[in-house]
Amino acid sequence: GAGVSQSPSNKVTEKGKDVELRCDPISGHTALYWYRQSLGQGLEFLIYFQGNSAPDKSGLPSDRFSAERTGGSVSTLTIQRTQQEDSAVYLCASSLAQAFYGYTFGSGTRLTVV
Amino acid sequence: QQQVKQSPQSLIVQKGGISIINCAYENTAFDYFPWYQQFPGKGPALLIAIRPDVSEKKEGRFTISFNKSAKQFSLHIMDSQPGDSATYFCAAVPAGNKLTFGGGTRVLVKP
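None of the values given here were measured: they were computed from a predicted structure.

S.K.: Summarise the overall build of chain B; cite the residues concerned and give the values.
M.R.: Secondary structure assignment for chain B yields 0 helices and 11 strands. When its C-alpha atoms are laid out on the principal axes, chain B stretches across 40 × 30 × 20 Å. Split into buried and exposed, the 111 residues of chain B put 46% on the buried side. Roughly 5,400 Å² of accessible area belongs to chain B as shown, and the carbon and sulfur atoms make up 49% of that amount. Treating the 12 positive side-chain charges of chain B as one cloud and the 7 negative ones as another, the clouds have centres 6 Å apart.

S.K.: Go over the sheet that holds strand β3 (residues 19–25) of chain B with me, naming the residues and quoting the values.
M.R.: All names here are of chain B. Taken together, the 5 strands give an open sheet; going across it, the order is β1-β3-β8-β7-β6, and neighbouring strands pair in antiparallel fashion. In this open sheet, the two edge strands, each paired with only one partner strand, are β1 (4–7) and β6 (56–59). Neighbour to neighbour, the strand axes of the sheet diverge by 15° on average, direction disregarded. Pairing analysis gives 6 bridges linking strand β7 (residues 62–67) to strand β8 (residues 72–77), with the strands arranged antiparallel. In the sheet register, T63 faces β8, and the bridge partner there is H76.

S.K.: Mind laying out the side chain of A:R69, listing which residues take part and the relevant values?
M.R.: Residues and elements named next belong to chain A. Relative to the helices and strands, R69 resides in strand β7 (residues 65–69). Despite its burial, R69 remains without a salt bridge, the nearest opposite charge being carried by D24 at 9.1 Å. Within the structure, R69 has its side chain in polar contact with the backbone oxygen of T30 (distance 2.6 Å).

S.K.: Describe unusual backbone geometry, listing the residues and the values that go with them.
M.R.: Backbone phi values are negative for most residues with the exception of glycine, while trans is the configuration of most peptide bonds. Note the cis peptide between A:S7 and A:P8, where omega equals -10°. Here A:P8 shows up in the loop between β1 (5–7) and β2 (10–13). The phi dihedral of A:R81 falls on the positive side, at around 45°, and the residue is not glycine. Even without a glycine there, the phi angle at B:K71 is positive, about 55°. Tracing the backbone shows B:K71 in the loop between β7 and β8. Look at B:K71 and you get partly exposed, because its relative accessible area is 29%.

S.K.: Quick rundown of the layout of surface pockets? Include the residues and the values.
M.R.: Taken as a whole, the largest pocket spans an internal volume of roughly 1,200 Å³. Lining the largest pocket are 47 residues; nearest its centre among them are A:Q37, A:S38, A:Q41, A:G42 and B:F89. Put simply, the parts of the chain that give the lining of the largest pocket at least two residues each are β4 (31–37), β5 (43–50), β9 (88–95) and β11 (109–113) of chain A together with β1, β9 (86–94), β10 (100–101) and β11 (105–110) of chain B.

About the criteria used
- Residues numbered from 1 in each chain as written.
- Chains lettered and ligands numbered in written order.
- Predicted model: local features only at pLDDT ≥ 70, side-chain atom pairs only at ≥ 80, totals over all residues.
- Heavy atoms only, no water.
- Helix = DSSP H or I, 4+ residues; strand = E, 2+ residues; numbered from the N terminus.
- Buried < 20%, exposed > 50% of the residue type's maximum accessible area, 1.4 Å probe, protein only.
- Areas by Shrake-Rupley, 256 points an atom, 1.4 Å probe, with all protein chains shown as cover.
- Lys, Arg positive; Asp, Glu negative; His and termini not counted.
- Charge placed at Lys NZ, Arg CZ, Asp CG, Glu CD.
- Pairing = 2+ DSSP bridges.
- Axes fitted to C-alpha atoms, helices over the stretch in contact; angles between N-to-C directions.
- Salt bridge = Lys/Arg side-chain N within 4 Å of Asp/Glu carboxyl O.
- Polar contact = N/O pair within 3.5 Å; in protein donor to acceptor, adjacent residues only side chain to side chain.
- 1 Å grid on protein atoms, 1.4 Å probe; cavity = no way out; pocket = protein on both sides within 12 Å on 5 of 7 lines; lining within 4 Å.
- Points joined across faces, edges and corners; volume = space filled by probe spheres on them.

Put into structure tokens, the structure is as follows:
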């Protein structure tokens, strides 16, 4: 596609439920990144994929968070047993092999845990 | 541990004025310094970027100044326009790795 697509754009879930967030990167972009942006805050790195492998998962805040990428394309970020502090905008970005070329971000998924 | 420190957190400037945002970094392995612009409800978009082998880069009304010895870089928005009102993020990346972002600056340009 022309850009990075994320779905859903908005998600409201009850505390304790599991959620899945999806990211479709730009075709041909081998690198994919997940970031989290809390209200009025900066961008917090979560995980980085190169192809289907995740060489850097250092930003995942707890074992309730996991992500996978299949076929070197679509990625899914899963949050289990959601908590209110998980409420944020989850942003996905993709790039050519190295970030030097610049990331292209999607519009994000706004997650609200009630 | 914040590796890229950005200031100010917010900025109000009159139309036609100059907006200046500053960033400082600690990791000398950083070798690429982009700036991103984010409008409400949208993801950040690459605005302009610089490598440490140059001291200044200009694209239209946007200029990055880079001081390698001080480990600082800044974004200048000349002739600021209401359409420039957005949140700006500086970032840095070591070769082949992930971007580390500053905390962001919310810029409001008053007409």
